[in-house]
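Remarks on the overall topology
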Amino acid sequence: MNKKVIATTSLAGCFGCHMSLLDIDERILDLIELVEFNKSPIDDIKKFTKPVDIGIIEGGCCNSENVEILKYFRENCKILVSLGECAIMGGLPAMRNGISVEECLNEAYLNGPTVQENHEKIIPNDEELPIILDRVYTCHEVVKIDYFLPGCPPRADLIWNALYALVTENPMELPYEVVKFD
Amino acid sequence: MENTENKIKITLDGKTIYARKGSTIVEAARENGIYIPTLCHFEGADPKACCRICTVKINNRFMTSCTTPVSEGMEIENNTEEINDLRKSIVELLFVSGNHFCPTCEKSGNCELQALAYRFKMLVPRFPFSFPRKEVDASNPKIVKEQNRCILCKRCIKTIRDEEGRHYFAYKNRGQHLEVVLDPVLGADMPDELAKKAMENCPTGSILYKGKGFEQPIGTRKYDNQPIGSEIENQS
């Protein structure tokens, strides 16, 4: 059997979902028999080098770079999986939704209680920095997503069950105990 | 043999059961080990029928089972694909119309809204998120009122009163601006037990008792291992 090609990325997330992927422990040896990793922070491949079977997205979209990468994944992956609370519901970053960008930036760089030395009142605005979006968008609000695996982070067993089913082209079984939103 | 005196016969999902005269469909089902989900309805308070999660189909009509009394020969559909999908959509609508960030919520694992989402296998809400801006009121010494998680079920208003029957919680504004507020004067001297009860009676994490958070470890919380309603379905 040809090895399935997998790619992963972290958008507006904390890398907890990637850590949870590593929490499948010794099953990672079984996984590596079945799959080959392409673009991913795990192997640090920056660009897709071949068509990908399964793309795994952690985190939602809080800036223009996140949207760009998400669309890049959609174009290059046959199946796209939203992994974790931030990708599915916006998670912690989305707690800023409902507050204007101006208010957020002012709080972060000018008025926040932890801001100590910003005498020139500069809000970072270099042209190389991605543009902050008006709010945090979940992945399925930006592109079509095929599967959703909730959790913060998703349980390692959930990731393993789902991934194994996708790789072996079997139906996904998601037991009650492993599908949690926290 | 079951004593059927003073009881009437109804059919629930094709199964014949006996119900007390005057009981509602929810009560009759529970007494027979059948779970019908409820959110706004709370034992000991008059049913309000506002959340519609207990919707069943009687003679091909959708009706709320918390307010409909049983009647002889009634045929009720409860656990069907159509009704469960309707209930799932209600849960999804509640998720997208508030700001329910489960990982940051103390009530996670013990939350009835979340538990219903687990029961109906919600992986993602199918409706667009509205991310409304709602305020948190932490001015009370005992309670945090987190309006972002409120589903306006009225359970706190109905069940949390002082000895003279005065309400601690009340509705404020109307329509989409409707919210639940805690009376600042009465709430200032709220007894501990009542503040804890308010948190307990709230189906979500909208009312939190101050001073102790995340008490139970993940894995041991109320709905971690058993779906909501199992306690009714598993009773012998």
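1. Structural notes on the overall build of chain A
A tally of regular secondary structure across chain A gives seven helices and seven strands. Ordered by position from N to C terminus, the α and β elements of chain A give β-α-α-β-β-β-α-β-α-α-β-α-β-α. Along the longest, intermediate and shortest principal axes, the C-alpha atoms of chain A span 60 × 35 × 30 Å. Within the span of chain A, comprising 182 residues, buried residues form 46% of the whole. Within chain A, contacts between residues separated by at least 24 positions form 76% of all contacts whose residues are at least 6 apart in sequence. Of the roughly 9600 Å² of accessible surface on chain A, 53% is carried by carbon and sulfur atoms. Between the averaged position of the 16 positive side-chain charges in chain A and that of its 30 negative side-chain charges there is a distance of 6 Å.

2. With respect to the overall build of chain B
On a plain count of helices and strands, chain B comes out with seven helices and ten strands. Taking 18 Å as the expected radius of gyration for a compact globule of 236 residues, we find that chain B reaches 19 Å, a close match to that expectation. Overall, the C-alpha framework of chain B stretches about 55 × 45 × 40 Å when taken along its three principal axes. Here chain B displays about 12100 Å² of accessible surface, and carbon together with sulfur accounts for 48% of that area. Each charge sign in chain B was given a centre, from 34 positive and 32 negative side chains, and these centres are 3 Å apart.

3. Some remarks on a negative patch on the surface
All names here are of chain A. The grouping of Asp23, Asp25, Glu26, Asp30 and Glu33 at the surface amounts to a negative patch. Here Glu33 is to be found in helix α2 (residues 27-34). For Glu33, a relative accessible area of 60% gives the class exposed.

4. A few points about the nonpolar core
By size, the foremost hydrophobic cluster in this structure holds 54 residues, and its most contacted members are Leu70 and Leu80 of chain A together with Leu39, Val91, Phe95, Leu113 and Leu116 of chain B. In this structure, Phe95 of chain B is in contact with Met89 and Phe181 of chain A together with His100, Cys102, Leu113, Gln114, Ala117, Met122 and Pro125 of chain B, ignoring residues within four places of it in sequence.

5. Regarding empty space enclosed by the protein
Residue and element names in this part refer to chain B. For the structure on display, the rule yields three cavities of 30 Å³ or more. What the largest cavity holds in volume is close to 90 Å³. As for the largest cavity, its lining consists of Phe95, His100, Phe101, Cys102, Cys105, Ser108, Cys111, Gln114, Arg149, Thr204 and Gly205. Within the lining of the largest cavity, the residues separate by chemical class into five nonpolar, five polar and one charged. The calculated volume of the second largest cavity comes to roughly 80 Å³. If you go around the second largest cavity, you meet 15 residues; those closest to its centre are Cys150, Cys153, Cys156, Cys202 and Pro203. The residue makeup of the lining of the second largest cavity, split by class, is nine nonpolar, three polar and three charged.

6. Points about unusual backbone geometry
Residues Cys152 of chain A and Pro153 of chain A are joined by a peptide bond in cis, for which omega reads -5°. Among the structural elements, Pro153 of chain A can be located in the loop between β7 (147-149) and α7 (156-168). Of note, Asp25 of chain A is a non-glycine position whose phi angle comes to about 55°, a positive value. Its relative accessible area of 48% is what places Asp25 of chain A among the partly exposed residues. Unusually for a residue other than glycine, Asn60 of chain B sits at a positive phi of about 70°. Note that Asn60 of chain B resides in the loop between β3 (55-58) and β4 (61-64). Judged by relative accessible area, Asn60 of chain B falls into the exposed class, the value being 59%.

7. Re the interface of chain B and chain A
Contacts between chain B and chain A engage 27 residues on the former and 27 residues on the latter. Summing both sides of the interface, chain B and chain A together bury roughly 2300 Å²; the carbon and sulfur share of this comes to 67%. Summed over the three residues of chain B that lose the most area to chain A, namely Tyr118, Leu123 and Phe131 of chain B, the buried surface amounts to 29% of that side. Here chain B is connected to chain A by two salt bridges. With a shortest N-O distance of 2.7 Å, Arg221 of chain B and Asp182 of chain A are connected by a salt bridge. Connecting chain B to chain A are seven residue pairs in polar contact (both at pLDDT 80 or more). If one sorts the elements of the side of chain B that touches chain A by residue count, helix α3 (residues 112-119) of chain B sits on top with four residues. Residues of the side of chain B that touches chain A, tallied by class, amount to 16 nonpolar, seven polar and four charged.

8. Here we look at the sheet that holds β3 of chain B
Residues and elements named next belong to chain B. Taken in spatial order, the five strands make up an open sheet running β2-β1-β5-β3-β4, and their pairing is mixed. Only two strands of the sheet have a single partner each, and these edge strands are β2 (15-20) and β4. Each neighbouring strand pair of the sheet contributes to a mean axis angle of 40°, computed without reference to strand direction. Examined bridge by bridge, strand β1 (residues 7-12) and β2 share six bridges and lie antiparallel to one another. Considered in β2, the bridge of Ile10 is made with Ile17.

9. Quick look at the pairing of β1 of chain B
Residue and element names in this part refer to chain B. Burial along β1 is one-sided: the face carrying Ile8, Ile10 and Leu12 is buried and the face carrying Lys7, Lys9 and Thr11 is not. Connecting β1 to the antiparallel partner β2 that follows it, the hairpin turn spans two residues, and Asp13 within it adopts a positive phi of roughly 50°. Two elements, β1 and strand β5 (residues 75-77), share two bridges in a ladder whose sense is parallel. Within β5, the position partnered with Thr11 by the bridge is Glu75.

Thresholds, definitions, all that
- Residues numbered from 1 in each chain as written.
- Chains lettered and ligands numbered in written order.
- Predicted model: local features only at pLDDT ≥ 70, side-chain atom pairs only at ≥ 80, totals over all residues.
- Heavy atoms only, no water.
- Helix = DSSP H or I, 4+ residues; strand = E, 2+ residues; numbered from the N terminus.
- Buried < 20%, exposed > 50% of the residue type's maximum accessible area, 1.4 Å probe, protein only.
- Contact = heavy atoms within 4.5 Å.
- Areas by Shrake-Rupley, 256 points an atom, 1.4 Å probe, with all protein chains shown as cover.
- Lys, Arg positive; Asp, Glu negative; His and termini not counted.
- Charge placed at Lys NZ, Arg CZ, Asp CG, Glu CD.
- Rg over C-alpha atoms; globule rule 2.2 N^0.38 Å.
- Patch = residues over 30% accessible without salt bridge, like charges linked within 9 Å, V, L, I, M, F, W, Y side chains within 5 Å.
- Salt bridge = Lys/Arg side-chain N within 4 Å of Asp/Glu carboxyl O.
- Core = buried A, V, L, I, M, F, W, Y, C linked by side-chain atoms within 4.5 Å.
- 1 Å grid on protein atoms, 1.4 Å probe; cavity = no way out; pocket = protein on both sides within 12 Å on 5 of 7 lines; lining within 4 Å.
- Points joined across faces, edges and corners; volume = space filled by probe spheres on them.
- Nonpolar A, V, L, I, M, F, W, Y, C, P; charged D, E, K, R; others polar.
- Buried area = accessible area lost by both parts, 1.4 Å probe.
- Polar contact = N/O pair within 3.5 Å; in protein donor to acceptor, adjacent residues only side chain to side chain.
- Pairing = 2+ DSSP bridges.
- Axes fitted to C-alpha atoms, helices over the stretch in contact; angles between N-to-C directions.

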